[in-house]
Amino acid sequence: MTPSPTWERENLSVWQGDCLAVMGSMPAECVDLIVTSPPYFVGKEYEAAWTREQYAGLLSGFYREAFRILRPGRYAVVNFGDLHNSGGRMYPAEVPSVYPGSVEQWGWGQAAGFDLQAMRTWRKVFGRCAVSPVVNHRPRNVFDFEHVWTWRKPGADGAEWCADRRLSQRGVLGDGWGSPAGIGRHCAAYPVELPSWAIQVHSREPGELVLDPFAGSMTTLVAAHRRGRRGRGIEFDAGYFADGVQRLEAELAQLTLLDAGAA
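Summary of the structure given here.

Criteria and thresholds
Residues numbered from 1 in each chain as written. Predicted model: local features only at pLDDT ≥ 70, side-chain atom pairs only at ≥ 80, totals over all residues. Heavy atoms only, no water. Helix = DSSP H or I, 4+ residues; strand = E, 2+ residues; numbered from the N terminus. Buried < 20%, exposed > 50% of the residue type's maximum accessible area, 1.4 Å probe, protein only. Contact = heavy atoms within 4.5 Å. Areas by Shrake-Rupley, 256 points an atom, 1.4 Å probe, with all protein chains shown as cover. Axes fitted to C-alpha atoms, helices over the stretch in contact; angles between N-to-C directions. Parallel < 35°, antiparallel > 145°, perpendicular 65-115°, else oblique. Left-handed = near helix turned anticlockwise from the far one by under 90°. Pairing = 2+ DSSP bridges. Salt bridge = Lys/Arg side-chain N within 4 Å of Asp/Glu carboxyl O.

**What to know about the overall build of the chain**
- The helix and strand inventory of the chain stands at seven helices and 13 strands.
- With 263 residues in all, the chain has 48% of them scored as buried.
- For the chain, restricting intrachain contacts to residue pairs at least 6 apart in sequence, the fraction spanning at least 24 positions comes to 73%.
- Accessible surface, the chain as shown: approximately 12400 Å² in total, 53% of it carbon and sulfur.

**Structural notes on the packing of helix α2 (residues 52–69) against helix α3 (residues 102–112)**
- Packing of α2 against α3 brings their axes to within 8 Å, and their N-to-C directions diverge by 40°. On the basis of their axis angle, the class for α2 and α3 is oblique. Every pair of crossing elements has a handedness; the one defined by α2 and α3 is right-handed. Contact with α2, carried on its side by R52, Y55, A56, L59, S60, Y63, R64 and F67, involves E104, Q105, W108, G109 and A112 of α3 and no other residues of that element.

**Brief notes about the sheet that holds strand β12 (residues 209–212)**
- Judged by pairing direction, the sheet is mixed, and its nine strands sit side by side in the order β1-β2-β13-β12-β3-β4-β10-β7-β11 without closing on themselves. Looking at strand neighbours, the two that pair on one side only are β1 (7–9) and β11 (172–173), the edges of this open sheet.
- As paired elements, β1 and strand β2 (residues 12–16) share three bridges and run antiparallel to each other. Bridge pairing in β2 places R9 opposite L12.
- Across the sheet, α2 lies against β3 (31–36), β4 (70–80), β10 (145–152) and β12, angled at about 150° from β4, the strand it touches most.
- Helix α6 (residues 219–226) rests against β2, β3, β12 and β13 (230–235) of the sheet, and its axis sits at about 175° to β13.

**Some details on helix α5 (residues 193–202)**
- Within α5, eight of the 10 residues are buried, leaving the element largely enclosed by the surrounding structure.
- All of the buried residues in α5 are L194, P195, S196, W197, A198, I199, V201 and H202.

**Side note on the pattern of salt bridges**
- Applying the stated criterion across every chain, the model contains nine salt bridges.
- Here R74 makes a salt bridge to E208, at a shortest N to O gap of 3.1 Å. Pair noted here: R74 is in strand β4 and E208 is in the loop between α5 and β12, with a separation of 134 residues, a long-range link. Judged on exposure class, the residue R74 and its partner E208 are both buried.

As far as function goes, none of this settles anything; it's purely spatial.
Printed below as a string of structure tokens:
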């Protein structure tokens, strides 16, 4: 039985806790779409005490639970980046180096049972990425792109689904999107256009359930609400949870004011 949400209002709900525990308590095949950006294991405060084995356990567990709770024929859209391997966090190296995140993401998703249906690039737009490539004080470029992979759970008579084929055909995302910026204490929020794009392409109808197991600043839930979907989020960090809930409260209040003005 799924525990009660820590915060819930209208069509949105959030759990403050461990994503694997909360996902593990959810019934099988109850989610219509997953849109998320898992931790990158780059030494942020909430990752500082992790070993590589713990990180791999979290991510492989996420893919297994995501596969279990998704409905057959439905999708998980995962945003992740390649890594600067500083301090040998991913593998021993004589100098700071690069680790391609796709190596392990592919293994975790495939082992869980997913089919990798599409690989896209999100071209980020913010200060250090104004000109490509940008080189910092070391002989390595600043990553001005990240990956957006679409995984599909087999089933539903093998039929593909695409609500907006024009949007689906885009291989490079980010044109016209806002800049990724910190939300409250969260320093790694993606723009609301990213989950909104995923919902437009992969969600079939209003009222469907969109889940973000690494909810962070709650951007996925904001997009779900704006697109008329039910949004669920899970966030382990208490500070990020508090900031994210405050953002959701402000979002709901703003939309209420807009509705009142329209009336």
